[in-house]
Amino acid sequence: MKKAFLKTFGEQNVRTYPIDEIRYRSDDGRTLEVVNDLRPMSREQISRLKKLFDKRAQSWKPIDRSGVWRYREFLSAFKPFDEVVTMPEGNTPIFSMPQCARYVGMKTLFAKHQGMNPTGSFKDNGMTTAVTMAKKLGGKMVACASTGNTSASMAAYAARAGMKSIVFIPHGQIAYGKLSQSLDYGALTIQINGDFDRAMDIVQEVCNRGTIYLLNSINPFRIEGQKTIMIEMLHQLGWESPDWVVVPGGNLGNCSSFGKAFAELEQCGFIKKIPKIAVIQAQGANPLYNSFVSKDPALRPVHADTRATAIKIGNPVSFEKALFAVDISGGLVEQVSEEEIAAAKSVIGLDGIGSEPASATTVAGCKKLVKQGNIKPDETVVCILTGHLLKDPDYTVEFHRDELFLDAKRASSVAGTKRISAEGRNNRPVQLEADTQVILDYIKKHGF
Ligand code: F0G
């Protein structure tokens with residue numbers, strides 16, 4: 001059996017490297033991808049493998065229980081699977097969202113909630129594989145730049161693996177839920193004076209110079225793990241592809257991994273139809289959107305600004321891979337405003353699910369795409385909710401108090417509006433006297 005190897009992403013001037021060579025870019029500075037040992041499968045092989053996946057889902061063995069390692073036939077880079085670092089992650093539910101469906105103008109709408117992962121975001125799917133590779137390569141110290149979720153996930157998995165971790169975060173720009181995690185999991189947490197894009201530059205320089213292993217999604221082993229978000233989704237849907245998968249876009253690792261998953265599944269004959277991938281960006285952090293609408297394949301970085309701090313990224317590392325994912329799926333890229341994100345987030349809450357702001361770009365984007373006629377009301381759509389509601393409680397409380405400002409510090413640094421209007425969708429907390437009758441009268445008056 002052939003071994004997996006690394007290659008430069010794209011078709012031109014392709015270079016290949018051994019799977020265990022520590023590098024994050026090719027010699028000419030391009031991103032890398034894992035080439036797996038995959039080949040077309042017969043109908044019998046496919047049916048056997050599907051049964052094996054069903055069987056593993058019933059098992060309590062961590063490697064089978066994990067919604068990542070369960071699908072290890074698509075993760076040949078990590079063979080042998082004898083030292084996986086797993087929590088175990090994945091197994092995230094698919095919910096139907098009736099309130100959101102009504103809001104966007106569709107019959108039904110589904111959400112795969114990646115916020116139900118061990119550290120509360122989709123990053124765990126890629127961190128289990130990347131930290132496993134760090135361990136195989138003999139890594140003792142790992143690092144990442146982050147808007148908060150990658151750092152939370154990395155710090156947790158590094159701690160589980162007995163490694164030291166260092167996180168680089170933009171000072172004052174990440175949500176407290178996330179900051180609290182990297183502190184509690186014991187990471188050296190360095191707040192830099194600068195934005196995420198600057199932190200990303202610095203962490204790459206630091207890792208290129210020393211013995212610290214880089215765990216941002218430029219690391220191709222992160223992308224490998226995140227592929228399983230789509231494999232698990234298809235498993236949950238009885239291997240029937242939905243028409244659309246809608247995903248937020250920041251550093252663009254996640255949508256890239258979805259494109260890779262679909263390409264590999266199709267290559268093996270596992271799926272007949274590739275779902276269209278819709279990547280949704282915040283209007284204030286929209287380089288992929290700009291490229292898509294202007295049909296200009298060059299990355300033109302922007303100065304990013306949005307209260308959805310998870311995706312406050314202007315110079316995404318996986319830009320080319322994301323364009324490929326959109327292209328092979330026949331998908332598209334859309335952008336949404338701060339008001340659209342806030343409103344959509346409140347409707348996700350009303351479905352009893354909740355999410356962090358960046359995840360709500362999906363429902364906001366869906367609404368726009370239905371209105372434009374790009375998504376038909378009776379199509380099957382799965383929104384990927386990337387992070388848990390409790391990651392960024394400040395945002396939610398400020399929204400419901402109708403005190404949500406574009407700049408969290410309430411300075412007017414951002415063009416246009418300072419305040420993000422709740423448009424009457426807020427559920428303001430009420431303060432009442434500690435008196436039973438007063439409270440009962442209030443409840444009666446408000447019709448509950
Ligand atoms: N949603 C959430 C909740 C995120 O944390 C991120 C990225 C994204 C969406 C965007 O995903 O980068 O793969 O396009 N967060 C990173 C971090 C950048 O550092 O936690 P992407």
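In case you missed it, the structure is sitting above this.
Reading guide: rules and limits
Residues numbered from 1 in each chain as written. Predicted model: local features only at pLDDT ≥ 70, side-chain atom pairs only at ≥ 80, totals over all residues. Heavy atoms only, no water. Buried < 20%, exposed > 50% of the residue type's maximum accessible area, 1.4 Å probe, protein only. Helix = DSSP H or I, 4+ residues; strand = E, 2+ residues; numbered from the N terminus. Arc of directions from axis to C-beta. Contact = heavy atoms within 4.5 Å. Patch = residues over 30% accessible without salt bridge, like charges linked within 9 Å, V, L, I, M, F, W, Y side chains within 5 Å. Areas by Shrake-Rupley, 256 points an atom, 1.4 Å probe, with all protein chains shown as cover. Salt bridge = Lys/Arg side-chain N within 4 Å of Asp/Glu carboxyl O. Pairing = 2+ DSSP bridges. Axes fitted to C-alpha atoms, helices over the stretch in contact; angles between N-to-C directions. Lys, Arg positive; Asp, Glu negative; His and termini not counted. Polar contact = N/O pair within 3.5 Å; in protein donor to acceptor, adjacent residues only side chain to side chain. Parallel < 35°, antiparallel > 145°, perpendicular 65-115°, else oblique. Left-handed = near helix turned anticlockwise from the far one by under 90°. Nonpolar A, V, L, I, M, F, W, Y, C, P; charged D, E, K, R; others polar.

Novice: Help me get a handle on helix α11 (residues 319–329), residues and values and all.
Specialist: Buried within α11 are the following residues: Phe319, Lys321, Ala322, Ala325, Val326 and Ser329. For α11, the arc enclosing every buried residue in end-on projection is 165°, short of the 170-degree limit, so these residues lie on one face. In this structure, the buried residues of α11 make contact with β3 (32–35), α8 (220–236), α9 (253–267), β11 (276–282), α10 (287–294) and β12 (332–336). Among the residues trailing α11, Gly330 stands out with phi positive, at a value near 70°.

Novice: Let's hear about a nonpolar patch on the surface: which residues, and what values?
Specialist: On the surface, a nonpolar cluster with roughly 390 Å² of combined accessible area is contributed by Val430, Leu432, Ile439, Leu440 and Ile443. Following the sequence through the fold, Ile439 ends up in helix α15 (residues 436–445). Its relative accessible area of 34% is what places Ile439 among the partly exposed residues.

Novice: I'd like a description of the sheet that holds strand β4 (residues 94–96), backed by residues and values.
Specialist: One open sheet holds the six strands; their spatial order is β4-β5-β13-β10-β11-β12, and the pairing between them is mixed. Edge strands, defined here as strands with exactly one partner in the open sheet, are β4 and β12. The average undirected angle you get between the axes of adjacent strands in this sheet is 25°. Lying on the sheet, α11 is in contact with β11 and β12; it crosses β11 at an angle near 140°.

Novice: Describe the pairing of strand β5 (residues 110–113), naming the residues involved and giving the relevant values.
Specialist: Two strands pair when backbone bridges link them, and β4 and β5 are joined in this way by three bridges, in the antiparallel orientation. Each bridged residue has a counterpart across the sheet, and for Ile94 the counterpart in β5 is Lys112. With four bridges connecting them, β5 and strand β13 (residues 381–385) associate as parallel partners. Among the inter-strand pairings, Lys112 is bridged to a residue of β13, identified as Ile384.

Novice: I'd like a rundown of the side chain of Lys345, residues and numbers included.
Specialist: For Lys345, the position within the fold is in helix α12 (residues 338–350). No salt bridge is formed by the buried Lys345. Its closest oppositely charged neighbour is Asp392, at 7.9 Å. Among the polar contacts listed, one links the side chain of Lys345 to the backbone oxygen of Ser355, at a separation of 3.3 Å. Excluding its chain neighbours within four sequence positions, the residues that come into contact with Lys345 are Ser355, Glu356, Pro357, Ala360, Leu389, Tyr395 and Thr396.

Novice: Please provide a residue-by-residue account of the pattern of salt bridges, values included.
Specialist: Summed over the entire model, instances satisfying the criterion amount to 22 salt bridges. Across the pair Arg15 and Asp27 runs a salt bridge whose closest N-O atoms are separated by 3.8 Å. One end of the pair, Arg15, is in the loop between β1 (5–8) and β2 (16–18); the other, Asp27, is in the loop between β2 and β3, with twelve residues separating them in the sequence. When its relative accessible area of 34% is taken as the criterion, Arg15 is described as partly exposed. We note a salt bridge from Lys178 to Glu356, for which the minimum N-O separation is 2.7 Å. Taken together, the positions of Lys178 in helix α6 (residues 176–184) and Glu356 in the loop between α12 and α13 (361–372) put the pair 178 residues apart, joining distant regions of the chain. The exposure class of Lys178 is buried, given its relative accessible area of 0%. Ionic contacts of the salt-bridge type, sharing partners, join the residues Arg15, Glu21, Arg23 and Asp27 into one network.

Novice: Break down the packing of helix α4 (residues 123–136) against α8 for me, with residues and values.
Specialist: Put simply, α4 and α8 touch, their axes get as near as 7 Å, and they point 140° apart. One finds that α4 runs oblique with respect to α8. The handedness of the crossing between α4 and α8 comes out as right-handed. Of α8, the residues touching α4 (which contributes Lys123, Asn125, Gly126, Met127, Thr129, Ala130 and Met133) are Phe221, Arg222, Gly225, Gln226, Thr228 and Ile229. Of the residues contributing to the contact of α4 with α8, the split by class is five nonpolar, six polar and two charged.

Note that every value here comes from positions in space, so none of it alone points to a role or purpose.
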